[in-house]
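# Working through the structure, step by step
Letter by letter, the chains look like this.
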Amino acid sequence: MVKPRRPAAAASSLNGRATAGAIGAAAVLIFMATSVALHGIISSNADDYPYDDDASGDQDDRAAGGRGRAGFFFEREYHGRNAKDNNRDDPLRSGSATRRSRAARHRQGRQGRHERRHGRRSRRMDGESGLDLDEVYPDIRSAHDDKYPPTDTERLLSNAKSLRTHDYQLIEELPYDVNNCPPTPPENYPISWPALDVLNNWNTDDTTDNHSHRVHQGICRFDAITEHDKALAYRNAEVPFVIRDDPAVLPTVERWNMPDYLPSILGEERTYRTDMASSNQLMFFRMNEHGHKPKNWEEPTKIVDMTYPEWLEKANDPDPHALDPDRTHWYFRLNAKSTLRDNYLYKELPFFDPVESFYIVDPDGARGINCRFGMRGNTGENHFDASRNFIALLSGERRYLLSHPNQCKNLALYPVGHPSARHSEVNWADPDLDRFPQFRDAKIHEVRLCYAS
């Protein structure tokens with residue numbers, strides 16, 4: 001998703017059934033210029049979450065990947081073992097010891113913070129095993145590419161399309177066909193609807209299959225191979241759109257949806273920064289330089305250190321209520337700064353290299369890659385970013401709720417100086433219209449992304 005330099009309107013994403021835009025499992029990209037978004041994971045763990053490490057940055061690239069049980073795709077193919085087969089205690093719930101010591105976890109967390117602070121990358125060591133993940137990565141990747149040639153576009157396309165399972169129809173006929181859009185953005189593009197109509201049709205907390213499969217989609221969807229020129233015209237016009245099945249992205253989709261690939265390059269005991277919230281609503285915040293806290297305000301999320309297997313076990317919890325809206329949710333994160341292009345993430349996601357390309361409008365403004373692994377129900381609260389963003393959805397489903405910047409006045413954004421400035425104070429799953437009457441006038445539209453769509 002690419003957003004312009006000027007403030008985008010509001011965006012929200014929902015994990016679990018589909019509420020986001022992105023490049024995905026068959027290469028789905030959503031370009032969001034001048035949009036405010038709410039996003040969330042609907043049926044999958046693959047999502048991009050717009051936590052901004054730098055709210056004033058120019059350009060940020062985001063990718064999402066993951067697997068899950070129940071509402072998540074690829075559970076059988078991806079999981080080397082089910083959550084019930086993993087007998088390790090959960091240190092975040094029980095405080096019990098795990099195979100790696102507390103000292104090892106603390107050391108790796110401190111190492112990651114040092115990397116983020118100083119822009120230097122230290123070696124990724126897999127806990128107490130002493131395995132250097134950066135040293136073994138080239139051999140793992142080479143062996144995979146030998147077995148699954150990344151140039152076999154026909155195989156890659158077939159694989160990506162096989163992953164798409166849901167079929168959503170438009171809520172009504174539009175002046176233009178979102179699947180066959182004109183060469184340049186039509187008048188009044190994209191079409192929007194009253195926010196309350198969109199939310200009544202499909203509540204943001206609903207990650208089941210019981211909601212309407214008719215969506216309020218107003219943005220165009222392009223095929224990367226046959227409609228590249230159209231997509232470029234919309235990108236240059238800085239309006240939102242979706243592009244999918246890009247041959248440059250398809251190899252990553254295939255790799256990240258194989259059962260053993262990500263565990264092999266991320267390690268069993270190496271910990272990574274993870275956002276944790278007591279509900280499905282993951283609200284970004286940053287304390288101001290004076291550390292001032294608004295009255296009665298509490299930090300909405302915590303940062304914990306977690307291994308990939310630990311996160312995956314939580315995402316695949318067989319308990320149907322484990323990821324209910326009022327239960328704890330996690331966003332597992334992988335990050336790479338644009339100054340560290342030898343980082344394995346740039347090798348995994350070469351289409352986000354900070355060089356001028358379809359996805360990178362201004363290489364000088366590139367800040368790096370934020371890769372987030374969500375789980376069913378995760379909701380990135382409605383907000384705007386001041387930078388361009390291209391989001392790549394590499395697995396699962398996501399739904400984005402988008403609005404034009406002219407709707408900011410109706411979205412009850414926290415003011416400048418608040419820890420969650422740029423974000424809407426409204427709970428979109430249950431809007432308090434007495435407290436926020438302006439929300440009645442809000443206009444939005446939505447797009448649901450699934451793997452390469």
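The following refers to the structure shown. Every value quoted in this text rests on a predicted model; they were computed, and no experiment measured them. (Residues numbered from 1 in each chain as written. Predicted model: local features only at pLDDT ≥ 70, side-chain atom pairs only at ≥ 80, totals over all residues. Heavy atoms only, no water.)

### With respect to the packing of aromatic side chains
For the structure shown, the criterion picks out 24 aromatic pairs. Where Phe-358 meets Tyr-359, the ring centres are 5.1 Å apart and the plane angle is 85°; that geometry is what we call edge-to-face. The burial state of Phe-358 is the same as that of Tyr-359; both residues are buried. Through pairs of rings, three or more aromatic residues link up here, namely Tyr-176, Tyr-189, Phe-222, Tyr-234, Phe-241, Phe-351, Phe-352, Phe-358, Tyr-359 and Phe-390. Arg-270 extends its terminal NZ or CZ atom over the ring of Tyr-272, reaching a point 5.4 Å from the ring centre. (Phe/Tyr/Trp six-rings, centres within 6.5 Å; stacked < 30°, edge-to-face > 60°. Buried < 20%, exposed > 50% of the residue type's maximum accessible area, 1.4 Å probe, protein only. Lys NZ or Arg CZ within 6 Å of the ring centre and 35° of its normal.)

### Some thoughts on the state of the cysteines
Under the counting rule described, the total for this entry stands at 1 disulfide. Bridging Cys-181 to Cys-220, the disulfide has an S-S length of 1.8 Å. Disulfide Cys-181-Cys-220: torsion about the S-S bond near -90°, hence left-handed. Here Cys-220 lies in strand S8 (residues 220–223) and Cys-181 lies in the loop between strand S5 (169–170) and strand S6 (193–194), a separation of 39 residues in the sequence. Grouping residues by exposure puts Cys-181 and Cys-220 together as buried. (Disulfide = S-S within 2.5 Å. Helix = DSSP H or I, 4+ residues; strand = E, 2+ residues; numbered from the N terminus.)

### Some details on helix H4 (residues 153–162)
A turn of α-helix holds 3.6 residues, and therefore any two residues three or four places apart point the same way. Every buried residue of H4 is accounted for by Leu-156, Leu-157 and Ala-160. For H4, the arc enclosing every buried residue in end-on projection is 100°, short of the 170-degree limit, so these residues lie on one face. Of the exposed residues in H4, the ones pointing more than 90 degrees away from its buried face are Glu-154 and Ser-162. At its buried positions, H4 is contacted by helix H7 (250–256). (Arc of directions from axis to C-beta. Contact = heavy atoms within 4.5 Å.)

### Re the nonpolar core
Core analysis: the largest hydrophobic core is formed by 74 residues, its most contacted members being Phe-241, Trp-256, Leu-266, Trp-311, Leu-334, Phe-373 and Phe-439. Other than its neighbours up to four places away in sequence, Phe-439 contacts Ala-195, Leu-196, Leu-199, Asn-410, Leu-411, Val-426, Trp-428, Pro-431 and Leu-433. (Core = buried A, V, L, I, M, F, W, Y, C linked by side-chain atoms within 4.5 Å.)

### Brief notes about unusual backbone geometry
With an omega of -5°, the peptide bond between Tyr-189 and Pro-190 qualifies as cis. Inspection of the secondary structure puts Pro-190 in the loop between S5 and S6. For Asn-188, which is not glycine, the phi torsion reads 65° and is therefore positive. The class of Asn-188 is exposed, set by a relative accessible area of 57%.

### Regarding the pattern of salt bridges
As enumerated under the stated definition, the model contains 15 salt bridges in all. Glu-254 is the partner of Arg-155 in a salt bridge, and the nearest nitrogen-oxygen pair spans 2.7 Å. Taken together, the residues span a long stretch of sequence, with Arg-155 in helix H4 and Glu-254 in helix H7 at a distance of 99 residues. As a salt-bridge pair, Arg-399 and Glu-446 come within 2.7 Å of each other at their nearest N and O atoms. Residue Arg-399 is found in strand S17 (residues 397–403), and its partner Glu-446 is found in strand S18 (residues 443–450); the two are separated by 47 residues along the sequence. Neither residue differs from the other here; Arg-399 and Glu-446 are each classed as buried. Bridged by salt links that share partners, the residues Arg-141, Asp-145, Arg-255 and Glu-348 form one connected network. (Salt bridge = Lys/Arg side-chain N within 4 Å of Asp/Glu carboxyl O.)

Fair warning: the whole summary comes from geometry, so function is off the table for now.
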